[in-house]
Amino acid sequence: MPAVSKGDGMRGLAVFISDIRNCKSKEAEIKRINKELANIRSKFKGDKALDGYSKKKYVCKLLFIFLLGHDIDFGHMEAVNLLSSNRYTEKQIGYLFISVLVNSNSELIRLINNAIKNDLASRNPTFMGLALHCIANVGSREMAEAFAGEIPKILVAGDTMDSVKQSAALCLLRLYRTSPDLVPMGDWTSRVVHLLNDQHLGVVTAATSLITTLAQKNPEEFKTSVSLAVSRLSRIVTSASTDLQDYTYYFVPAPWLSVKLLRLLQCYPPPEDPAVRGRLTECLETILNKAQEPPKSKKVQHSNAKNAVLFEAISLIIHHDSEPNLLVRACNQLGQFLQHRETNLRYLALESMCTLASSEFSHEAVKTHIETVINALKTERDVSVRQRAVDLLYAMCDRSNAQQIVAEMLNYLETADYSIREEIVLKVAILAEKYAVDYTWYVDTILNLIRIAGDYVSEEVWYRVIQIVINRDDVQGYAAKTVFEALQAPACHENLVKVGGYILGEFGNLIAGDPRSSPLIQFNLLHSKFHLCSVPTRALLLSTYIKFVNLFPEIKTTIQDVLRSDSQLKNADVELQQRAVEYLRLSTIASTDILATVLEEMPPFPERESSILAKLKKKKGPSTVTDLEETKKERSADMNGGTEPAPVNASAVSTPSPSADLLGLGTGPPPNAAPAPASSGSLLVDVFSEPASAVTQLAPGSQENFASPDLASSELVSEEPSEAARGADELTHKFVCKNNGVLFENQLLQIGLKSEFRQNLGRMFIFYGNKTSTQFLTFTPTLICSDELQSNLNLQTKPVDPTVDGGAQVQQVVNIECISDFTEAPVLNIQFRYGGTFQNVSVKLPITLNKFFQPTEMASQDFFQRWKQLSNPQQEVQNIFKAKHPMDPEITKAKIIGFGSALLEEVDPNPANFVGAGIIHTRTAQIGCLLRLEPNLQAQMYRLTLRTSKETVSQRLCELLSEQF
Amino acid sequence: MMRFMLLFSRQGKLRLQKWYLAMSDKERKKMVRELMQVVLARKPKMCSFLEWRDLKVVYKRYASLYFCCAIEGQDNELITLELIHRYVELLDKYFGSVCELDIIFNFEKAYFILDEFLMGGDVQDTSKKSVLKAIEQADLLQEDGKERNVQ
């Protein structure tokens, strides 16, 4: 059958198409088209009325021009005219033009609707078919308004021809999709359901599509379709391959209809009626069995059609998620496909397994394929298949294999296609966080991510690592050390500079004791990257610098010099300039205590959905990820306490602090830490985003803490400490080298402490926990200082609420200023009524002189020079004492650092000895201190020597430190 | 539901486009350009499916012509691949050893056949006989019309 003989050839059209094809250049083509457009325009506008054939020919030419990619802005009227022609051939072209080119010109739609109405009423099935096609093609709201009531009638009328029924079903489906509100439910719905029993498989096929969509929105109304669909499916899968005649496709009986019926069943839970359910299970088993049978044809069409049904059956099995036997069979089947030679099947198997991985019945079975999937990641030549492998690894990941999977993904990331890098980065970041047992692993993983694929690490990822480090104090030191090391690389990614800048700004002090990462070295390292960075990163670094001013007063002038330089103060960028000006000013005028408050460590972030997860959802479309995540969440809840690690809670478990206890001390946010500023919505970087507000945000509580006139200094009564407190020296010793822990506990009350000190200032949070279920009344904690102590130590606090509910905890903040050196400790006296009896508790508050130590690093030569300078006999105090604890050098080192002085390595010629140096800050004076501890292992003795510029200080420090070993 | 179907040549010439969801002309052109680029860049042995935007793309090459369908997340890829094949079979049967030129010169026929097969993005009838019968009936009507026209 040569093409030209088909239908009525339009010679003019064929000539025009040939002309276009013969054009040698784009310009020639456009020229030819413009000529034709001018011709058609003049014909349409001409005085002579065109006959139907000419109209059809010109409309067809316009259509061709449009399909070449040119805009067509006329001819619509002529096309509408063709609709009302009696000649099928003209009508058909008119409808085609409308279908392809219609716009929302309502004037035109009204005319089109008129033509459609006539054709629908014509009772000529061919014309009705054209009209229905046109409605389905345009599917506009105006059309739905005009025909949504009419079409259901055509669909269920007894005398409608099968082919029209098919068109009517799909036409209604289209209208329902665009304007569901305009399609009224009614009597027709039950009759539509019964079309599933129709003899004509074409009608059943079209009706099943319609019913599936309707059932998704109105499951109750279409519930009866379940049993009908099951019996239809059953008849199909058990039929011999020739029974269905033309609906058998390459020996597969009605594959399209089978797939559609299986889709319809996925709108519902497993059938309740045991007979229906049994029949469905049989169907699914038959489909699974057929997959194992030898193929009836070698043609790919045969296996494709067969497997299309199989994959849809597996989708239904996964959707029901109720038959472990079927799930495991499905998983095995997919496992076979994972190694199939057909790329298409490997792709689909990986895709299906992703959903299978979220079922509790098959999760373990899926996991057994991990090696195959990892291999696919390494060997598949097609990026879209590798992408599926990444998805599946992500889906099958749990605590048992997280380290392996994350390592493999990182490996793959090195060579991954650019198109999927960002997604892999997000996935690695999520898995590393979700399944981190050891947060140092998490920090390493994220830094690796930045190293390997820094460009693809989105803001969300590095925000998140900072959130986690800030919320988990057990990883802060490690994070600081690791970023410091990573920053040493000559060319490190800007994202690393951001993370490094932020973390060192917060926790650089934790590694400042090591001379290799002294404050100045940290600063110089960061600043060496400054000029290579973009403006936002520079802005962040400036904030780090001002935080350094607070953390490391010794490099304040260096930083001020940098801020003062023209390149900062006169920077062309407003943001940078403003920060430089404000930070410089802040560092100059603010007193140390104000600085300490303004630049305080960031408070923990409130827990919320990981921003990375949100991003992945956005990227992948909400449906796909959400479902997976939701199911996974349920499954993993028992493994890791929820999908999202909740750092605040989790640290109660994993913080090695011996003070972990019922109050959860050291884990709760510091009470004075203002809640994250409201404006910082969800992202920490908001803090840095507005320089003007940055200062106030960083110092949310400064007003209250320092300027408030109603400070309860009147509470400080002078009184002799009670006897009970005197015996409690032991307790105080516990706190000499640490700042947090439980101070006191009996059956009623627990008192916990969390404190921080900076130079001559400090702040202590006292947590009073009511261990009973009864209220404490008239609860009054009082701080008692002797006259002498009061002149040396300034304590300010506010009264707490006089009632403490059962099981509740109240907090009290004590602001501390050291005026001069002191030896006594203040006493905390608590009085309250518990169930009618009066309770009185006194305990020494462990505020000791060494808390006001600032460590000082110095070289061996300097140390001994100063040591000699302090050779005045009053300046030296020595104590020789017996060891009370095992003489472990590592513990000793930790204690000396905890004591507050710097631990100086390689200073003492005898490596067994320990030497330290620091400065005691008081308001009136700064007292340099040197110490030396010489252990004698044989004798189990120590000799401790303190040399300071003040006798009393030497004395007191020696007493305090001697008790520690 | 299928969102759209494209036929384009190895050289990136669009031969047929069918959209089952309303969309602006500009957006359509952008999607066609983008998707053609993606598909044409793929090598012969690669798999027939890929994720693209929020859709799944199923494509197959027949001689010089690519047949490319975009379907939704829940849709079945393999059955869509066979849908393409069935459409090719229909064209082949109608034109007799169909080639790209047949589709260029008789593009309206290619549309009519597709419309008999798919409607609103769903299969209307999968029987080769039914679809071809419908087309042949229409052709007969055309012949009648032509004769009347001549008379």
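Before reading on, note that the structure itself is shown above.
Quick notes on the rules
- All residue numbers refer to positions counted from 1 along the written sequence of the respective chain.
- Note on labels: chains are lettered from A, ligands numbered from 1, in written order.
- Residue-level local features of this predicted model are given only where pLDDT is at least 70; pairs of side-chain atoms are given and counted only at 80 or more, and the full residue set underlies all totals for whole chains, interfaces and linings.
- As a rule here, side-chain values cover all heavy atoms of the structure and leave hydrogens and water aside.
- Under the DSSP-based scheme used, a helix requires at least four consecutive residues in state H or I and a strand at least two consecutive residues in state E, with every element numbered from the N terminus.
- A contact between two residues is defined here by any heavy atoms of the two lying within 4.5 Å.
- Residue burial considers only the protein chains on display, and all accessible areas are found by Shrake-Rupley using a 1.4 Å probe.
- Paired strands, in this sense, are two strands between which DSSP finds at least two bridges.
- The convention used is that axes are lines fitted to C-alpha atoms, helices contributing only their stretch in contact, and that angles between N-to-C directions extend from 0 to 180 degrees.
- Here the term cavity refers to a set of points on a 1 Å grid, laid over the protein atoms alone, in which a 1.4 Å probe fits but cannot get out; the term pocket refers to an open set having protein on both sides within 12 Å along at least five of seven lines, with lining residues being those that place an atom within 4 Å of a point.
- Grid points are joined across faces, edges and corners, and a volume is the space filled by probe spheres set on the points.
- Polar here means any residue outside two lists: the nonpolar Ala, Val, Leu, Ile, Met, Phe, Trp, Tyr, Cys and Pro, and the charged Asp, Glu, Lys and Arg; Gly therefore counts as polar.
- Any residue under 20% of the maximum accessible area for its type is buried, any over 50% is exposed, and the rest in between are partly exposed; the area is computed with a 1.4 Å probe on protein chains only.
- Working convention for charge: Lys and Arg count positive, Asp and Glu count negative, and His plus the chain ends are omitted.
- Note on definitions: salt bridges are taken to be side-chain nitrogens of Lys or Arg within 4 Å of carboxyl oxygens of Asp or Glu.
- To estimate the expected span of a helix, subtract one from its residue number and multiply by 1.5 Å.
- The directions considered for the arc are those from the helix axis to the C-beta atoms.

*Asks:* Looking at this model, I keep getting lost on the overall build of chain A. Mind explaining?
*Replies:* For chain A, the count of helices and strands is 45 helices and 16 strands. Intrachain contacts of chain A at a sequence separation of at least 6 include 69% that bridge at least 24 residues. For chain A, the accessible surface area stands at approximately 40500 Å², while carbon and sulfur atoms represent 51% of it.

*Asks:* Where do I start with the sheet that holds strand 8 (residues 809-818) of chain A in this structure?
*Replies:* In sheet architecture, strand pairing relies on hydrogen bonds along the backbone and comes in two forms, parallel and antiparallel. Residue and element names in this part refer to chain A. Strand order in the open sheet made by the 5 strands is 3-4-5-8-7, with antiparallel pairing throughout. Lying at the two open borders of the sheet, with one neighbouring strand each, are strand 3 (740-745) and strand 7 (793-797). Mean inter-strand twist for the sheet, computed between neighbouring axes without regard to direction, equals 25°. Pairing of strand 7 with strand 8 involves 5 bridges; the strand directions are antiparallel. Across the sheet, residue glutamine 796 finds its bridge partner in strand 8, namely asparagine 815.

*Asks:* How should I be thinking about the sheet that holds strand 9 (residues 827-834) of chain A in this particular structure?
*Replies:* Residue and element names in this part refer to chain A. Taken in spatial order, the 3 strands of this open sheet run 6-9-10, and their pairing is antiparallel. Each having just a single partner strand, strand 6 (776-784) and strand 10 (837-844) make up the two edges of the open sheet. Pairs of neighbouring strands in the sheet enclose a mean axial angle of 15°, with direction left out of account. Bridging between strand 9 and strand 10 involves 8 bridges; their strand directions are antiparallel. Residue pairing for strand 10: isoleucine 830 is matched across the bridge by valine 841.

*Asks:* Can you walk me through empty space enclosed by the protein in this structure?
*Replies:* Once rolled over the atoms, a probe with the size of a water molecule shows which space is left empty. All names here are of chain A. With the rule as written, the count across this model stands at 11 cavities of 30 Å³ or more. By volume, the second largest cavity is sized at about 90 Å³. If you trace the second largest cavity, you find 13 residues lining it, with Leu284, His320, Ser322, Glu323 and Leu326 closest to the centre. If you tally residues by element for the lining of the second largest cavity, the top one is helix 15 (residues 274-292), at 4 residues. Of the residues in the lining of the second largest cavity, the class split is 7 nonpolar, 3 polar and 3 charged.

*Asks:* Explanation requested: the side chain of lysine 55 of chain A in the structure shown.
*Replies:* Residue and element names in this part refer to chain A. Tracing the backbone through its elements, the reader meets lysine 55 in helix 3 (residues 52-67). No salt bridge forms around the buried lysine 55; measuring N to O, its nearest opposite-charge neighbour glutamate 90 is 7.3 Å away. Excluding its chain neighbours within four sequence positions, the residues that come into contact with lysine 55 are Leu50, Glu78, Asn81 and Leu82.

*Asks:* What should I look at first to understand helix 1 (residues 25-40) of chain B in this one?
*Replies:* Note on helix geometry: an α-helix contains 3.6 residues per turn, so any two residues three or four positions apart are oriented the same way. Helix length check: helix 1 of chain B (16 residues) gives 22 Å between terminal C-alpha atoms against 22 Å at 1.5 Å per residue, within 8%. Taken together, the buried positions of helix 1 of chain B are occupied by Arg28, Met31, Val32, Leu35, Met36 and Val39 of chain B. One side of helix 1 of chain B carries all its buried residues, which in axial view fall inside an arc of 125°. Exposed positions of helix 1 of chain B whose direction lies more than 90 degrees from the buried face are Lys26, Arg33 and Gln37 of chain B. Here the buried face of helix 1 of chain B lies against helix 5 (88-101) of chain A together with strand 1 (2-9), strand 2 (14-19), strand 3 (49-52), strand 4 (55-62) and strand 5 (65-71) of chain B.

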